[in-house]
Amino acid sequence: RAEEEVYDSDAEAEEHRASGHTMLNGYHQRHLAASSASSYSRPVMVEEEFNVELPELNVALNGFWDRIDQRGDQHQDRLIREFKTRLHPFQVRTIDSNLQLGMYAMAYEQLFGELPRELVLESIQTGETVSHRPSSADVQRVKRQVASMASSVRNERFTPTPDFMTCKLCPYSAVCNFAATRTSF
């Protein structure tokens, strides 16, 4: 059972399961109510996979957009929406430099020939949203970051940056000598 690897007890697993049910029910109610509003953006892609080649960086980028919404009739009226369990103040303050969203915008531009109208982080727990209108400068910044990361990988330069929350969610933490775990404190 997967819970045995993540939770310390059945009670903890059940608490998280109940919390998840409450969050998803709240999300559903909020979006059901919003769907009748004139400003509602309708989903046009959900968990859509993308694959793009960045030949100038010798990099292939693949991933999944949580959801792409459309407010108008054109591609430029689309929003890329990334769902998080909750938004941390850091995510709110740094939305304009969020690497994940920047990569989504870069991939979107590569596939559709233009930037999306907005990048949105949404908390499933509270419904709070924070958004950023991406620019060409954002895409160039992301390309520089991707180029730097690709160079590090190719040259086998991996500087560990252990962090408890990051390591807790990482699928490789069990085999990583640098993982920040409860027992390493």
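Residues numbered from 1 in each chain as written. Predicted model: local features only at pLDDT ≥ 70, side-chain atom pairs only at ≥ 80, totals over all residues. Heavy atoms only, no water.

Student: Pulling in residues and values, what's your account of empty space enclosed by the protein?
Tutor: Gaps left between atoms are located by rolling a probe of water-molecule size over the structure's atoms. Counted by the stated rule, this structure contains one cavity of 30 Å³ or more. Reported here for the largest cavity is a volume of approximately 40 Å³. In this structure, the largest cavity is lined by Ile95, Asp96, Asn98, Gly102, Ala105, Leu119, His132, Pro134, Asp138, Val139 and Arg141. Elements supplying a minimum of two residues to the lining of the largest cavity: α4 (99-112) and α5 (136-154). When residues of the lining of the largest cavity are assigned to their parent elements, the largest contribution, three residues, is made by α5. Among the residues forming the lining of the largest cavity, the class breakdown is five nonpolar, three polar and three charged. (1 Å grid on protein atoms, 1.4 Å probe; cavity = no way out; pocket = protein on both sides within 12 Å on 5 of 7 lines; lining within 4 Å. Points joined across faces, edges and corners; volume = space filled by probe spheres on them. Helix = DSSP H or I, 4+ residues; strand = E, 2+ residues; numbered from the N terminus. Nonpolar A, V, L, I, M, F, W, Y, C, P; charged D, E, K, R; others polar.)

Student: So what's going on with the nonpolar core? Which residues, and what values?
Tutor: Nonpolar side chains in soluble globular proteins generally cluster together in the buried interior. If you look at the biggest cluster of nonpolar residues, it comprises 27 residues, and the most contacted ones within it are Leu61, Trp65, Ile80, Met106 and Val146. The set of elements that each furnish at least two residues to this core consists of β1 (42-54), β2 (59-70), α4, β4 (118-123) and α5. Ignoring any residue separated from it by four or fewer positions in sequence, one finds Leu61 in contact with Phe50, Asn51, Val52, Met103, Met106 and Ala107. (Core = buried A, V, L, I, M, F, W, Y, C linked by side-chain atoms within 4.5 Å. Buried < 20%, exposed > 50% of the residue type's maximum accessible area, 1.4 Å probe, protein only. Contact = heavy atoms within 4.5 Å.)

Student: Which residues make up the pattern of salt bridges, and what values do they have?
Tutor: This structure, assessed with the given rule, holds nine salt bridges. A salt bridge links Glu56 to Lys143; its shortest N-O distance comes to 3.2 Å. Note that Glu56 is positioned in the loop between β1 and β2 and Lys143 in helix α5, a separation of 87 residues in sequence. What you see here is one network of salt bridges that share partners, running through Arg67, Asp69, Arg81 and Glu122. (Salt bridge = Lys/Arg side-chain N within 4 Å of Asp/Glu carboxyl O.)

Student: Can you lay out the sheet that holds β1 for me, pointing to particular residues and giving the numbers?
Tutor: The sheet built from five strands is open, its strands ordered β1-β2-β3-β4-β5 with mixed pairing. Only two strands of the sheet have a single partner each, and these edge strands are β1 and β5 (129-132). Taking the axes of each pair of neighbouring strands and ignoring which way they run, one obtains an average angle of 35° across the sheet. Sheet strands touched by helix α2 (residues 10-34): β2, β3 (78-84) and β4. Its angle to β4, the strand with the most contacts, is close to 135°. (Pairing = 2+ DSSP bridges. Axes fitted to C-alpha atoms, helices over the stretch in contact; angles between N-to-C directions.)

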